[in-house]
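Chain residues, written in single-letter form:
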Amino acid sequence: EAGVTQSPTHLIKTRGQQATLRCSPISGHTSVYWYQQALGLGLQFLLWYDEGEERNRGNFPPRFSGRQFPNYSSELNVNALELEDSALYLCASSLGGEIETQYFGPGTRLLVL
Amino acid sequence: GQQLNQSPQSMFIQEGEDVSMNCTSSSIFNTWLWYKQDPGEGPVLLIALYKAGELTSNGRLTAQFGITRKDSFLNISASIPSDVGIYFCAGRSGGSNYKLTFGKGTLLTVNP
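Just so you know, these numbers come straight off a predicted model, no measurement behind them. (Residues numbered from 1 in each chain as written. Chains lettered and ligands numbered in written order. Predicted model: local features only at pLDDT ≥ 70, side-chain atom pairs only at ≥ 80, totals over all residues. Heavy atoms only, no water.)

(A) Here's a closer look at the nonpolar core. If you look at the biggest cluster of nonpolar residues, it comprises 22 residues, and the most contacted ones within it are A:Leu21, A:Trp34, A:Leu46, A:Leu76, A:Tyr89 and A:Leu110. Listed by contribution, the elements that provide at least two residues to this core are strand S3 (19-24), strand S4 (31-37), strand S5 (43-50), strand S8 (74-78), strand S9 (87-94) and strand S11 (108-112) of chain A. With residues near it in sequence (within four places) discarded, A:Leu76 still touches A:Ala19, A:Thr20, A:Leu21, A:Trp34, A:Leu46, A:Leu47, A:Ser65, A:Gly66 and A:Tyr89. The next biggest cluster of nonpolar side chains, apart from the first, holds 21 residues, and it includes B:Val19, B:Leu46, B:Cys89 and B:Val110. (Core = buried A, V, L, I, M, F, W, Y, C linked by side-chain atoms within 4.5 Å. Buried < 20%, exposed > 50% of the residue type's maximum accessible area, 1.4 Å probe, protein only. Helix = DSSP H or I, 4+ residues; strand = E, 2+ residues; numbered from the N terminus. Contact = heavy atoms within 4.5 Å.)

(B) Structural view of the packing of aromatic side chains. Residues and elements named next belong to chain A. Scanning the entire structure with this criterion turns up 9 aromatic pairs over all chains. Note on Tyr 33 and Trp 48: the rings are 6.0 Å apart at their centroids and 10° apart in plane angle, and the pair reads as stacked. Here Trp 48 lies in strand S5 and Tyr 33 lies in strand S4, a separation of 15 residues in the sequence. One exposure class covers both Tyr 33 and Trp 48, and it is buried. (Phe/Tyr/Trp six-rings, centres within 6.5 Å; stacked < 30°, edge-to-face > 60°.)

(C) Representation of unusual backbone geometry. Here A:Ser7 and A:Pro8 are connected by a cis peptide whose omega angle stands at -10°. Mapped onto the fold, A:Pro8 is located in the loop between strand S1 (5-7) and strand S2 (10-13). Cis geometry marks the peptide bond from B:Ser7 to B:Pro8, where omega comes out at -5°. Position of B:Pro8 relative to the elements: it lies in the loop between strand S1 (4-7) and strand S2 (10-14). Even without being a glycine, B:Arg69 presents a positive backbone phi close to 65°.

(D) Representation of the state of the cysteines within the structure. Residues and elements named next belong to chain A. Within this structure, the stated rule accounts for 2 disulfides over all chains. Covalently, Cys 23 is tied to Cys 91 through a disulfide, its sulfur atoms 1.8 Å apart. Every disulfide takes its handedness from the sign of the S-S torsion; for Cys 23 and Cys 91 that torsion is -60°, giving left-handed. Taken together, the residues Cys 23 in strand S3 and Cys 91 in strand S9 connect sequence positions 68 residues apart. (Disulfide = S-S within 2.5 Å.)

(E) Representation of the interface of chain A and chain B in the model. Taken together, the contact pairs 18 residues of chain A with 19 residues of chain B. Surface buried jointly by chain A and chain B totals about 1,600 Å² across both partners, of which 59% is contributed by carbon and sulfur atoms. Of all residues in chain A, A:Leu43, A:Ile99 and A:Glu100 give up the largest surface area on contact with chain B, accounting jointly for 35% of the area buried on that side. At the boundary of chain A with chain B, the tally comes to 1 salt bridge. Between B:Arg92 and A:Glu100 there is a salt bridge, and its shortest N-O distance comes to 2.6 Å. Inspection of the chain A/chain B interface yields 4 residue pairs in polar contact (both at pLDDT 80 or more). Secondary structure elements with two or more residues in the side of chain A that touches chain B: S4, S5 and S9 of chain A. If one sorts the elements of the side of chain A that touches chain B by residue count, S5(A) sits on top with 3 residues. (Buried area = accessible area lost by both parts, 1.4 Å probe. Salt bridge = Lys/Arg side-chain N within 4 Å of Asp/Glu carboxyl O. Polar contact = N/O pair within 3.5 Å; in protein donor to acceptor, adjacent residues only side chain to side chain.)

(F) Inspection of the sheet that holds S8(A) at higher detail. All names here are of chain A. On the basis of which strands lie adjacent, the open sheet formed by 4 strands has the order S1-S3-S8-S7 and antiparallel pairing. One side of each edge strand has no neighbouring strand; the edge strands of this open sheet are S1 and strand S7 (64-68). Between one strand axis and the next, the sheet turns through 20° on average, direction left out of account. As paired elements, S1 and S3 share 3 bridges and run antiparallel to each other. Opposite Gln 6, over in S3, you have Cys 23 as the bridge partner. (Pairing = 2+ DSSP bridges. Axes fitted to C-alpha atoms, helices over the stretch in contact; angles between N-to-C directions.)

What follows is the structure, given as structure tokens:
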């Protein structure tokens with residue numbers, strides 16, 4: 001069974017641009033979670049989607065947004081990129097709301113120049 | 001907001017040694033989780049703890065949910081080279097707060 005997949009693996013943008021990151025959950029999982037892992041800061045919770053709806057949001061500015069599609073895949077959009085947005089962005093999926101049993105993807109490494 | 005202090009930040013040990021790491025929180029958690037992250041991969045769940053005082057093992061790994069509900073410990077016995085990686089603790093408070101708070105990680109290096 002395929003795990004959580006993310007694309008692209010690496011993304012290079014310049015300050016002020018927009019970035020779109022994609023995530024495909026494990027088949028049967030309806031919840032998708034997004035995290036930012038900046039160097040030395042651990043994982044910071046960004047967003048939780050379930051059944052197409054945003055269920056919870058971390059302490060990030062509105063330029064971090066996303067959506068979940070009917071097939072439960074998800075996009076994370078980061079507008080007006082800033083240098084400090086450079087990080088590994090991890091997506092995880094679980095059965096509805098069962099965050100304790102989430103499975104992580106390999107991440108997208110975003111570099112903002 | 002909730003904060004998790006994870007220590008130590010890094011450890012360099014010899015193969016065969018035992019390892020201990022811990023996390024403390026400024027507030028109470030109802031669930032404690034321990035993850036391991038290998039280079040280039042996402043974190044993988046090692047142990048989940050759901051009750052204060054709970055002691056759970058997974059092979060050579062043992063974790064405990066502190067009785068104050070503000071701390072948790074992870075021990076690795078007889079370390080081997082493949083134990084190398086970053087270990088994260090994470091906590092979840094109760095209610096409808098479906099959000100995990102993560103520690104900053106412990107980087108473990110095992111010298112063969």
